[in-house]
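Each chain, letter by letter, is given below.
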Amino acid sequence: MINGIPGIRLRGAAVVAVTTGAVLAGGALATAPAQAAAAPAIAAKGGFVMNDANGSALYTKAADTKLSTGSTTKIMTAKVVLSQPKLNLDRKVTIQMAYSDYIVSKNASSARLIVGDKVTVRQLLYGLMLPSGCDAAYALADAYGTGSTRAARVKSFIGKMNTTAKGLGMKNTHFDSFDGIGNGTNYSTPRDLTKLASSAMKNPTFRTIVKTRSYTAKTTTKTGGTRTMAAWSNTNTLLGSYRGATGVKTGSGPAAKYCLVFAATRNGRTVIGTVLASSSATQRGKDATRLMDHGFARLG
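These lines cover the structure that appears in this document, whether it is placed above or below. Values in this document were obtained by computation on a predicted structure and should not be read as measured data.

**Here we look at the overall build of the protein chain**
- In terms of helices and strands, the protein chain carries nine helices and 13 strands.
- Classification of the 300 residues of the protein chain by burial places 49% in the buried group.
- Total accessible area on the protein chain is roughly 13,700 Å²; 54% of this is exposed by carbon and sulfur atoms.

What follows is the structure, given as structure tokens:
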């Protein structure tokens, strides 16, 4: 089994044997390049890491296998919003009862937004990416979709997500939701999500948000007062625990299991990648750590 992909065991073994033999024949075993280091084992069904500078793959495991993405979908939600022409991050969006009802009905992760409060787009993006608020995702989809009804606006927004995915060359990706609580056709791959994250990280607002460990929003109440929200904590535990970690987004769910899109920069070099369908929240962090360590070792 090579990189967790079944069906090519004998071929892979032959490659290893030939490579080892060639190195021994040349008397250069001690000087084999860092790239020859064994790839780490991960629990996740799929994984991918690349050199962000040039997009070259540093590790693959089922990198092009379609899997459920959970809330890593919200990276695309944020990208679509941040790609809007003449975006005003200080625009205020009024929180609707529909957003609250939605998270209750889905038992979804929440930014605990209060119905009737006016919340800026910037604050909604923090609420989307740190506590993974599905209420914030709904508010953004409603605000930046087009149509005369909420359903039409949401459908339009999801359409923008898929158009953006196509434009990024995400060939094995489809979104049917704004938050990852899919309806059967919300999927991507480790390689595609890494492409998306790399693109999103080029936006300075996105970069700032996803590396933030805690954020306190002050919203405007119905009566014009100020509400200081309980602080939002980033669900990405690599921030502050992995040297150089800069993001990006967790995800989980019955189908998705435990997912993590991650990035780190050390000595001016950035590795970025994805693990999908890991076995636990703790394990996805271990998987990502192994892949980043491997990526940096490959870069030398």
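**Remarks on helix 5 (residues 134-144)**
- Of all the eleven residues making up helix 5, eleven are buried; the element is thus mostly covered by neighbouring parts of the structure.
- Of the residues making up helix 5, those classed as buried are C134, D135, A136, A137, Y138, A139, L140, A141, D142, A143 and Y144.
- Lining the buried residues of helix 5 we find helix 2 (74-82), strand 4 (92-94), helix 3 (97-106), helix 4 (121-129) and helix 6 (150-167).

**A short note on the sheet that holds strand 12 (residues 257-266)**
- With respect to topology, five strands assemble into an open sheet ordered 2-1-13-12-11, the strand pairing being antiparallel. A strand with exactly one partner marks an edge of an open sheet, and here the two such strands are strand 2 (57-61) and strand 11 (245-253). Between one strand axis and the next, the sheet turns through 5° on average, direction left out of account.
- The sheet contacts of helix 7 (residues 190-200) involve strand 1 (46-51), strand 2, strand 12 and strand 13 (269-278), and relative to strand 13 the element is tilted by about 140°.
- Running over the sheet, helix 9 (residues 281-299) touches strand 1, strand 2, strand 11, strand 12 and strand 13 and is turned about 35° from strand 12.

**Concerning the pairing of strand 11**
- Most of strand 11 sits inside the fold, with seven of its nine residues counted as buried.
- Bridge count for strand 11 against strand 12 is eight bridges, and the pairing is antiparallel. Bridge pairing in strand 12 links A245 to A264.
- Counted between consecutive antiparallel strands, the loop separating strand 11 from strand 12 contains three residues.

**Re the layout of surface pockets**
- Volume-wise, the second largest pocket comes out at about 430 Å³.
- Among the elements that line the lining of the second largest pocket, the one with the most residues is strand 11, at five residues.

**Quick notes on the nonpolar core**
- In this structure, L113, L124, L125, M129, F206 and W232 are the most contacted members of the largest nonpolar core, which totals 63 residues.
- When residues in this core are grouped by element, the largest group, nine residues, is from helix 5.
- Core analysis: the next-biggest nonpolar cluster, separate from the first, contains 19 residues, L238, Y242, A245 and V275 among them.

**A look at the packing of aromatic side chains**
- A complete count under the given rule lists six aromatic pairs for this structure.
- On the numbers, 4.9 Å between centres and 45° between planes, the contact of Y99 with Y138 is tilted. With Y99 in helix 3 and Y138 in helix 5, this pair connects stretches of sequence that are 39 residues apart.
- The buried category is assigned to Y99, whose relative accessible area is 2%.
- Among the residues examined, Y138 registers a relative accessible area of 13% and is labelled buried.
- Above the face of the Y144 ring, R91 is positioned so that its terminal group lies 4.9 Å from the ring centre.

**Some points on the side chain of T69**
- Within the secondary structure, T69 sits in the loop between strand 3 (67-68) and helix 2.
- T69 has contacts with N186, Y187, S188, L193, G251, A256 and C259, leaving out every residue within four places of it along the chain.

**Focus: the side chain of S198**
- Along the polypeptide, S198 turns up in helix 7.
- Given the relative accessible area of 7%, S198 is considered buried.
- Here the side chain of S198 touches D52 through a polar contact of 2.6 Å, side chain to side chain.
- Not counting chain neighbours up to four residues away, the residues in contact with S198 comprise M50, D52 and I272.

**Concerning the packing of helix 3 against helix 5**
- Packing of helix 3 against helix 5 leaves a shortest axis separation of 9 Å and a crossing angle of 140°. Considering their axes alone, helix 3 and helix 5 lie oblique with respect to each other. By crossing handedness, the relation of helix 3 to helix 5 is classed as right-handed. Residues A98, Y99, Y102 and I103 of helix 3 form the contact with helix 5, whose own contacting residues are C134, D135, Y138, A139 and D142.

Cut-offs applied
Residues numbered from 1 in each chain as written. Predicted model: local features only at pLDDT ≥ 70, side-chain atom pairs only at ≥ 80, totals over all residues. Heavy atoms only, no water. Helix = DSSP H or I, 4+ residues; strand = E, 2+ residues; numbered from the N terminus. Buried < 20%, exposed > 50% of the residue type's maximum accessible area, 1.4 Å probe, protein only. Areas by Shrake-Rupley, 256 points an atom, 1.4 Å probe, with all protein chains shown as cover. Contact = heavy atoms within 4.5 Å. Pairing = 2+ DSSP bridges. Axes fitted to C-alpha atoms, helices over the stretch in contact; angles between N-to-C directions. 1 Å grid on protein atoms, 1.4 Å probe; cavity = no way out; pocket = protein on both sides within 12 Å on 5 of 7 lines; lining within 4 Å. Points joined across faces, edges and corners; volume = space filled by probe spheres on them. Core = buried A, V, L, I, M, F, W, Y, C linked by side-chain atoms within 4.5 Å. Phe/Tyr/Trp six-rings, centres within 6.5 Å; stacked < 30°, edge-to-face > 60°. Lys NZ or Arg CZ within 6 Å of the ring centre and 35° of its normal. Polar contact = N/O pair within 3.5 Å; in protein donor to acceptor, adjacent residues only side chain to side chain. Parallel < 35°, antiparallel > 145°, perpendicular 65-115°, else oblique. Left-handed = near helix turned anticlockwise from the far one by under 90°.

None of the figures reported here should be taken as evidence of function without further support.
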